[in-house]
Amino acid sequence: MTDDRSLERAARSWLEEGPTQAPDRAVEAALLQIQTTRQERDVTIPWRVSPMFPLRGLAAAAVIGVLAIGGLIVIVRPGSNVGATRSPAPSATSSPSGPAASGGAAIGPLSKTFTSQLYGYQVRYPADWSTIAATASWSAGKTNNWGSGLNDEIRGSTARFSGASMRLGAGQTADAWLRAYGAGSDPSTWPTITIDGIVGRIDADGVPAAGGTISPGGRMFDAVAVDGPYAFNFNMDGNVDRATFEAFLATVTLPVIPALDGSFTSSIAGYSIRYPSAWTVVAATKPWTSGYDTSHAGISDTIGFSPGFAGTSIALPKGVSFATWYATYDASRAGGTCGAAPKTEPVTIDGIVGELDVHCPALYVEAVVLAGGRAYVFDLTGSAQRPLLLSMLATVKLTPGTAKN
Amino acid sequence: MERARRGDREAFAVLVHQVSDPLYAIAHRILRDTGLAEDALQNALVLAWRRLPHLRDADRFEAWIHRILVHACYDEVQRSRHWTANVRVLPVDGPAMPDEASAVAARDELERAFRRIPVEQRAVFVLHHYLGLPLVEIAELLEIPAGTARSRLHYATLGLRTALIGEAAPALEEGRLA
């Protein structure tokens, strides 16, 4: 550990491992205290935080606070998420009683946040619902039926929220995607709905739920929205109504893909890629010539951090096929933080199909592809970064002939 | 934002739900303690509510609340007289391989080394390496000279490196990051 960059990469990886969601009790306790705290106006106060009563021990009061405060969360549609550049969403359809199931059973406050590690969006949901993350990615040609494993599912006892996303095909427009999704139905006739500042369409508006619904006899709502190169599909089925669906959608934040307005060409590894120009580039200083560990100092180009991209390539040893090399490389991951990679999904990089490792999307996603006798490894560390990596990979040009070694 | 500035608690609650997760993540990384991080988050959110009418530029909200949070973290450290042995439980059932054991030891060493660094240095380290903020922005955010931000980062890195040189170093160099 004599190299600062090696230390910093290790430290960043370690920092990434910590919690990313605030405990509900902390947020609820703060909201409860705010209910009885007045704002300061036209006075100057020091930055120091005055001692307050400790969070611990507030549990009982917080429960009462949730009842008082939580209800407001579901009837107020947030504007654009902090720091994002989307246009503010229009006002929500107010529901004085908050979301309620069509049968009259109230759905609790949307007090917890689900982050889709595969698709990058977030949505809030009731604390007593359970979540099941998608186990495979939705893509063209795949039908994301309930239970297909392509949807994130958030389940209550009689209602369910599902979400999925796919990248549009090369050159495909939003209209073309919507028409394909509509399978003959005209999307322009579907009601519109705003999701995180993006105008989407509701293609199923309270129709009887299809087979496989969580609550037979219930209804189904389905919305789609295209944000840049990604299409999103959100669905609710079971004992739900339109207000409930809208309340959930009002909490959705879509992943923000920064502009890839910088360009980097790796003179050592033989590729080029576009990236957010605000990110700092540290070019590799030596080629990757042996072994399977791309974290050794200096053999990967790194761009940015948290999220942070790393790219490198290695010439396959003579007589060793990519399949053989990749099997060993894949096995080497077992010693990493996330253990073995039990599955990958195909990814096309500069016209070549490679392997995308998505088994640990809370920490990283990684693509491996063969070109010109070289194995290229591109990874992006950080939580829920698959959409960003896919966008960056779509700009990659592989030039194995220019690589050094 | 404007509604919240004018005293609308419902509007502020929406803001709270948007910022609480990233704020908690930062606090936990600085303080390395769940209870202290929760208290820092709570105090920061309440103070932000109180001070919100003073925020003139809504575009500065994120940096503004980050500053409040970091100061809340400082206060939590001052308030806690001693660190509890809240070493992170690593996700292993028992190292199956020597490399795995080395990685566990290295991360444990990182944890302990980081706790020995002054909280002001930890804050700069986290803002730089976790949030990805340039030092100039960190200096502006914390209202300290740029040179101070740079030296805090330098000493934090130095402290970690000094603590890690030794038996844990080979494991960090040899283990995959992800």
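This structure is a prediction, so every number in the text was calculated from the model and none was measured.

Colleague: Quick rundown of the pattern of salt bridges? Include the residues and the values.
Modeller: Counted according to the given criterion, the structure contains 12 salt bridges over all chains. A salt bridge links D8 of chain B to R3 of chain B, with the shortest nitrogen-to-oxygen separation between them at 3.0 Å. Taking relative accessible area as the criterion, R3 of chain B reaches 41% and is therefore assigned partly exposed. For R67 of chain B, the salt bridge goes to E143 of chain B, with nearest N and O atoms at 4.0 Å. Taken as a pair, R67 of chain B in helix α4 (residues 61-79) and E143 of chain B in the loop between α7 (135-142) and α8 (146-164) lie far apart in primary sequence, 76 residues in all. Salt bridges linked by common partners bring E153, R155, R160 and D237 of chain A together as one network.

Colleague: Outline the side chain of D222 of chain A, supporting the account with residue identities and numerical values.
Modeller: Residues and elements named next belong to chain A. Looking at the element boundaries, D222 is found in strand β8 (residues 219-227). The charged side chain of D222 is buried without a salt bridge, its nearest counter-charge being R160 at 10 Å. Among the polar contacts made by the side chain of D222, one reaches the side chain of N235 at a distance of 2.8 Å. Residues within four places of D222 in sequence aside, it is in contact with Y181, R201, I202, D203, A204, N233, F234, N235 and F245.

Colleague: Break down the confidence of the model for chain A for me, with residues and values.
Modeller: Residue and element names in this part refer to chain A. Of all residues in chain A, 79% have pLDDT values of 70 or greater, and the mean over the chain is 79. The low-confidence segment residues 42-98 (pLDDT under 50) makes 116 contacts with residues lying over four places distant or belonging to another chain. Predicted confidence for residues 100-105 stays below pLDDT 50, and this span has 14 contacts to residues more than four positions away or in other chains.

Colleague: Break down the sheet that holds strand β16 (residues 352-357) of chain A for me, citing the residues and quoting the values.
Modeller: Residue and element names in this part refer to chain A. An order of β12-β13-β14-β18-β17-β16-β15 is seen for the seven strands of this open sheet, with the pairing classed as antiparallel. Each of the sheet's edge strands pairs with one partner strand only, and the pair in question is β12 (281-282) and β15 (344-349). Set on the sheet, helix α6 (residues 322-332) makes contact with β14 (308-315), β15, β16, β17 (364-371) and β18 (374-381); between it and β17 the angle comes to about 160°. Docked against the sheet, helix α7 (residues 386-393) engages β14, β15, β16, β17 and β18, running at close to 140° with respect to β18.

Colleague: Give a description of the packing of helix α2 (residues 9-31) of chain B against helix α3 (residues 34-51) of chain B that names residues and reports values.
Modeller: Residue and element names in this part refer to chain B. The contact between α2 and α3 brings their axes to 9 Å, and the two run at 145°. Every pair of crossing elements has a handedness; the one defined by α2 and α3 is right-handed. Only T34, L36, A37, E38, A40, L41, L45, A48 and W49 of α3 make contact with α2, whose side of the interface consists of R9, F12, V16, V19, S20, L23, Y24, A27, H28 and L31.

Colleague: Talk me through the pairing of β15 of chain A; I want residue IDs and the actual numbers.
Modeller: A regular strand carries its side chains on alternate faces of the sheet. Residues and elements named next belong to chain A. Only one face of β15 is covered, namely the face carrying E345, V347 and I349; the face carrying T344, P346 and T348 is uncovered. Where β15 meets β16, six bridges bridge the pair, whose relative direction is antiparallel. Bridge pairing in β16 places P346 opposite E355. Between β15 and the antiparallel strand that follows it, β16, lie two residues; D350 among them carries a positive phi value of about 50°.

Colleague: Which residues make up the nonpolar core, and what values go with them?
Modeller: Ranked by internal contacts, the top residues of the largest apolar core, which has 69 residues, are F309 and F378 of chain A. Discounting chain neighbours no more than four positions away, the residues touching F309 of chain A are Y271, I273, W279, D301, T302, I303, G304, F378, D379, L380, L389 and M392 of chain A. W14 of chain A together with L23, A25 and V124 of chain B belong to the second largest nonpolar core, which has 68 residues in total.

Rules used throughout
Residues numbered from 1 in each chain as written. Chains lettered and ligands numbered in written order. Predicted model: local features only at pLDDT ≥ 70, side-chain atom pairs only at ≥ 80, totals over all residues. Heavy atoms only, no water. Salt bridge = Lys/Arg side-chain N within 4 Å of Asp/Glu carboxyl O. Buried < 20%, exposed > 50% of the residue type's maximum accessible area, 1.4 Å probe, protein only. Helix = DSSP H or I, 4+ residues; strand = E, 2+ residues; numbered from the N terminus. Lys, Arg positive; Asp, Glu negative; His and termini not counted. Polar contact = N/O pair within 3.5 Å; in protein donor to acceptor, adjacent residues only side chain to side chain. Contact = heavy atoms within 4.5 Å. pLDDT = per-residue confidence, 0-100. Pairing = 2+ DSSP bridges. Axes fitted to C-alpha atoms, helices over the stretch in contact; angles between N-to-C directions. Left-handed = near helix turned anticlockwise from the far one by under 90°. Core = buried A, V, L, I, M, F, W, Y, C linked by side-chain atoms within 4.5 Å.

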